[in-house]
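Residue strings, one per chain:
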Amino acid sequence: MLKKLRVLISAQHALMLAYRAEIYLWVIAHVLPFIMMGIWVKAATDPASAGHFAMSPRDYARYFLCVFVVRQFTAVWMIYEFEWHILEGRLAYLLLRPINPLWHYISAHLGEQLARLPFFALVTLLFFILYPGARWIPSPASLLLGISAIYAAFALRFALQYCLAMLCFWFERASSIEQLSFLPYIFLSGLAVPLDDFPQRARDLVNLTPFPYMIGFPAEILMGKLTATDPRLLQGFAVIAAWFLGFSFLGAILWRRGLRQFSAQGA
Amino acid sequence: MPIVQVSDLAKSFQVSASQPGFANALKHFFRRTYRSVDAVKPLSFSIEPGEVVGFLGPNGAGKTTTLKMLTGLIHPSAGTLSVAGHIPFQRHNAFLRRITMVMGNKQQLLWDLPANESFAINGAIYDIPESELQSRIAELSELLNLTKELSQPVRKLSLGERMKCELMASLLHRPEVLFLDEPTLGLDVNAQVAVRNFLREYNRRYNATILLTSHYMADITALCKRVLLIHQGRLFYDGPLAGIIDRFAPYREVKLDLTEPVDRESLAAFGEVESAEGRAASLIIRRELLTDTVQRLLASLPIADLSISDPPIEKIIADLFTQGTMK
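Here we summarise the structure given alongside this text. Throughout, residues of each chain are indexed from 1 in the direction in which the sequence is written. Written order decides the labels, with chains lettered from A and ligands numbered from 1. Only residues with pLDDT of at least 70 get local features here, since the model is predicted, and only at 80 or more are side-chain atom pairs given and counted; chain-wide, interface and lining totals rely on the full set of residues. Computation of side-chain values: all heavy atoms of the structure, hydrogens and water removed.

**Considerations on the overall build of chain A**
Secondary structure elements are taken from DSSP: a helix is a run of H or I of four residues or more, a strand is a run of E of two residues or more, and numbering for both begins at the N terminus. From N to C terminus, chain A includes 12 helices and 0 strands. Going from the N terminus to the C terminus, chain A shows its helices and strands as α-α-α-α-α-α-α-α-α-α-α-α. Principal-axis analysis of the C-alpha atoms gives chain A an extent of 65 × 40 × 30 Å. Across the 267 residues in chain A, those meeting the buried criterion constitute 51%. Two residues form a contact once any of their heavy atoms are found within 4.5 Å. Of the contacts made within chain A by residues no fewer than 6 positions apart, 79% connect residues no fewer than 24 positions apart. Here the open area of atoms and residues is found with the Shrake-Rupley method and a 1.4 Å probe, where only the protein chains shown may cover a residue. Total accessible area computed for chain A in this model is approximately 12,500 Å², and 70% of it derives from carbon and sulfur atoms. In this scheme, a residue with accessible area under 20% of its type's maximum is buried, one over 50% is exposed, and one in between is partly exposed, where area comes from a 1.4 Å probe on protein chains only.

Following this line, the structure appears as structure tokens:
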């Protein structure tokens with residue numbers, strides 16, 4: 001299986017490199033964290049607002065850089081490709097192969113992440129040049145845990161979108177449901193507002209949803225805010241695992257039922 | 001023992017039905033109505049290993065739906081089927097390794113990469129060892145006369161070259177059963193001939209079973225000894241290609257070379273006039289009347305030469321489908 005995955009990722013990586021301009025645009029399109037960084041750093045720097053913010057201006061800068069990094073590795077778009085595959089009849093070829101089509105979509109994402117790696121490194125370097133005060137090197141433990149949390153977040157977001165993508169078997173434009181889920185993703189994940197700036201009760205509620213674990217959780221680990229000894233770390237991974245298993249189970253059921261009524265239109 | 005066994009196979013789809021117009025569109029938005037369409041009515045046939053069978057029918061006859069059921073892409077509504085000892089819609093890997101499907105209007109190759117990249121993926125997915133993969137690529141590319149095309153991005157290839165690469169990608173794992181849906185669609189005559197020759201050779205070398213749909217009768221006549229005719233979801237002929245003439249065309253074509261022109265009215269006294277121009281004419285005459293009519297023709301008209309032939313199979317099938325005369 002590993003050999004198959006390696007070949008699939010390598011081909012998808014080559015395919016992504018064929019679209020260099022698209023990769024540039026992707027990276028540019030992911031500058032939202034830097035816009036939010038500007039807003040939060042400016043607000044936290046204002047002496048009148050002292051004590052109203054959960055982090056210092058320097059930590060906000062670090063946090064949103066980490067958000068940018070996490071976003072680079074957790075962007076999931078399989079629903080759009082899956083929908084296109086169903087509408088155009090291209091899913092047929094994936095179904096004819098003796099390998100679950102899921103691997104095609106996973107390898108496409110991993111291949112794309114690989115293709116974006118140099119661009120992401122360049123942006124990070126540029127950030128450190130422009131904001132030398134926010135420069136830091138994560139400890140090996142933070143880095144290891146951070147990378148684990150990023151891929152756990154990727155798996156979680158992928159599993160959620162996989163469930164939504166399965167609705168393409170019943171609805172022609174299931175991607176519009178994904179767009180609906182984008183709203184809570186933006187506001188509850190920590191992408192626009194760090195979770196520490198939520199009121200305590202709201203934060204407790206939000207922490208029960210899968211969204212904070214998609215961005216905020218890995219970002220806080222990467223910046224060293226959540227350490228290996230913090231009980232919230234284990235709790236976070238446990239919540240991710242629970243949601244992931246739930247979505248995977250639901251996705252598997254939807255896949256089986258969807259295939260039963262799949263008409264392979266367009267093929 | 002048949003490699004493809006189909007018994008009372010049927011498929012119906014629920015299709016949403018809406019009427020044109022603004023009010024109807026609104027009504028349809030709030031309250032969807034559906035109707036059931038029988039794409040394939042109970043269908044039974046079997047195919048022996050190594051057979052090349054043509055699957056013919058007009059657009060919408062149910063050919064592609066049947067192929068999709070045979071490859072496991074869709075679930076049948078009724079009936080039983082078995083392909084290479086497997087139930088297709090269970091989609092077991094052991095089954096998928098033994099079959100392939102080529103769709104003339106769809107592609108599996110990665111559009112922006114050379115075909116070789118797609119071959120490498122298929123090699124890994126089907127667990128073909130690297131040396132064996134290279135030897136199969138060499139063998140198939142030689143048969144299809146492809147060399148440098150394999151290292152060019154697929155989008156830069158001509159339609160014919162692309163289809164050849166599609167065939168290569170679909171056959172690298174040496175499937176035993178090939179389902180080919182319009183494999184020569186849109187190809188020029190040379191490319192069509194190349195694809196036909198290749199399929200014939202593949203069938204000969206590997207005793208592969210082929211079920212082929214095509215709107216080009218030349219594909220069928222060149223490759224298939226047996227044909228299945230399907231219309232409106234129902235199978236109405238299963239037998240040798242030549243048998244279609246006996247069953248559906250109980251007439252002969254009589255071509256006349258005349259020493260002087262004869263008007264149409266005079267020719268019509270002997271049979272249906274297919275063409276009459278100058279000193280050449282062609283008549284359609286029922287088989288049971290042939291001997292008597294030819295004698296009368298020779299006695300009555302200034303004939304220099306006369307030939308009798310079966311009507312072209314393309315014409316018979318086209319007539320069957322357009323006139324809906326199959327029984």
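**Looking at the overall build of chain B**
Across its full length, chain B carries 12 helices and 13 strands. Seen through its C-alpha atoms, chain B measures out along the principal axes to roughly 75 × 60 × 45 Å. Buried residues in chain B amount to 51% of all 327 residues. With an accessible surface of roughly 15,200 Å², chain B has 51% of that area assigned to carbon and sulfur atoms. Counting rule applied: Lys, Arg positive; Asp, Glu negative; His and chain ends not counted. Where a charge sits is defined by one atom per residue type, namely NZ (Lys), CZ (Arg), CG (Asp) or CD (Glu). Taking the average location of the 36 positive side-chain charges in chain B and that of its 36 negative ones, the two points are 8 Å from each other.

**Looking at the interface of chain A and chain B**
How big an interface is tends to be stated in terms of the accessible area lost upon association of its parts. Contact with chain A, which involves 27 residues of that partner, is made by 31 residues of chain B. Carbon and sulfur atoms supply 62% of the area buried between chain A and chain B, which totals about 2,800 Å² over both sides. Values labelled buried area give the accessible surface lost by two parts on being combined, using a 1.4 Å probe and summing over both. Considering only the surface of chain A that becomes buried against chain B, Tyr93(A), Leu96(A) and Pro98(A) emerge as the three largest contributors, covering 28% of it. The salt bridge definition used is simple: a Lys or Arg side-chain nitrogen within 4 Å of an Asp or Glu carboxyl oxygen. Counting the contacts that link chain A with chain B gives 1 salt bridge. Across the pair Asp127(B) and Lys4(A) runs a salt bridge, and its minimum N-O distance is 3.6 Å. Under the rule applied, a polar contact is a pair of N or O atoms within 3.5 Å (in protein, one hydrogen donor and one hydrogen acceptor; residues adjacent in sequence only if both atoms are side-chain atoms). Summed over the shared surface of chain A and chain B, the result is 4 residue pairs in polar contact (both at pLDDT 80 or more). The set of elements that each furnish at least two residues to the side of chain A that touches chain B consists of α1 (2–17), α6 (91–95) and α12 (231–261) of chain A. Of the residues forming the side of chain A that touches chain B, the biggest block, 7 residues, is contributed by α1(A).

**Description of empty space enclosed by the protein**
To find leftover empty space, one rolls a probe the size of a water molecule over the atoms. A cavity here means a set of 1 Å grid points, computed over protein atoms only, where a 1.4 Å probe fits but cannot escape. A pocket is an open set with protein on both sides within 12 Å along at least 5 of 7 lines, and lining residues have an atom within 4 Å of a point. Grid points are joined across faces, edges and corners, and a volume is the space filled by probe spheres set on the points. Counting across every chain of the model gives 4 cavities of 30 Å³ or more. Taken as a whole, the largest cavity encloses approximately 110 Å³ of empty space. Lining the largest cavity, in full, are Tyr93(A), Leu96(A), Arg97(A), Ile99(B), Thr100(B), Met101(B), Gln108(B), Asn122(B), Tyr126(B), Ala169(B), Ser170(B) and His173(B). Contributing elements (two or more residues each) for the lining of the largest cavity: β5 (99–103) and α6 (159–171) of chain B. Sorting elements by how many residues they give to the lining of the largest cavity places β5(B) first, with 3 residues. Looking at the lining of the largest cavity residue by residue, the class counts come to 6 nonpolar, 5 polar and 1 charged. Approximately 40 Å³ is the volume found for the second largest cavity. Asp, Glu, Lys and Arg are counted as charged, while Ala, Val, Leu, Ile, Met, Phe, Trp, Tyr, Cys and Pro are counted as nonpolar; the rest, among them Gly, fall into the polar class. Counted by class, the lining of the second largest cavity contains 6 nonpolar, 2 polar and 1 charged residues.

**Focus: the layout of surface pockets**
Of the pockets and cavities examined, the second largest pocket occupies roughly 780 Å³. Grouping the amino acids of the lining of the second largest pocket by side-chain chemistry returns 16 nonpolar, 6 polar and 6 charged.

**Points about the side chain of Arg196(B)**
Residues and elements named next belong to chain B. Relative to the helices and strands, Arg-196 resides in helix α7 (residues 189–206). On the accessibility criterion, Arg-196 (9% relative accessible area) is buried. Reaching out from Arg-196, the side chain makes a polar contact with the side chain of Asp-219 at a distance of 2.5 Å. Sequence-distant contacts of Arg-196, that is, excluding residues within four places in its chain, are made with Ala-218, Asp-219, Ala-222 and Leu-223.

**Details of the sheet that holds strand β9 (residues 234–240) of chain B**
All names here are of chain B. For two strands to pair, DSSP has to find at least two bridges joining them. In space, the 6 strands of this open sheet follow the order β5-β6-β7-β3-β8-β9, with mixed pairing throughout. Either end of the sheet is taken by a strand with one partner, and the two such strands are β5 and β9. Taken pair by pair, the neighbouring strands of this sheet meet at an average axis angle of 15°, ignoring direction. Fitted lines through C-alpha atoms serve as axes, helices being fitted only where they are in contact, and the angles separating the N-to-C directions of these axes extend from 0 to 180 degrees. Each of β3 (52–56), β5, β6 (177–181), β7 (209–213) and β8 (226–231) touches helix α2 (residues 63–70); the most contacted strand, β6, lies at about 150° to it. α7 contacts β3, β6 and β7 of the sheet and is inclined by roughly 165° relative to β6.

**Some words on the pattern of salt bridges**
Counted under the stated rule, the structure contains 21 salt bridges over all chains. As a salt-bridge pair, Asp59(A) and Arg58(A) come within 3.4 Å of each other at their nearest N and O atoms. The exposure class of Arg58(A) is partly exposed, given its relative accessible area of 41%. We note a salt bridge from Arg97(B) to Asp127(B), for which the minimum N-O separation is 2.8 Å. Taken together, the residues Arg97(B) in the loop between α3 (93–96) and β5 and Asp127(B) in the loop between α4 (115–125) and α5 (130–143) connect sequence positions 30 residues apart. Ionic contacts of the salt-bridge type, sharing partners, join the residues Glu139(B), Arg174(B), Glu201(B), Arg204(B) and Arg205(B) into one network.

**Considerations on the packing of α1(A) against α4(B)**
For the pair α1(A) and α4(B), interaxial distance at closest approach is 9 Å and the crossing angle is 165°. Comparing the axis directions of α1(A) and α4(B) gives the class roughly antiparallel. The element α1(A) and its partner α4(B) pack so that their crossing is left-handed. Every residue of α4(B) that contacts α1(A) at Lys4(A), Val7(A), Leu8(A), Ala11(A) and Ala14(A) is listed here: Glu117(B), Ala120(B), Ile121(B), Ala124(B) and Ile125(B). Angles below 35 degrees are treated as roughly parallel, those above 145 as roughly antiparallel, those between 65 and 115 as roughly perpendicular, and all remaining angles as oblique. Each helix crossing is assigned a hand: it is left-handed if the near helix lies turned anticlockwise from the far helix by less than a right angle, otherwise right-handed if that turn is clockwise.

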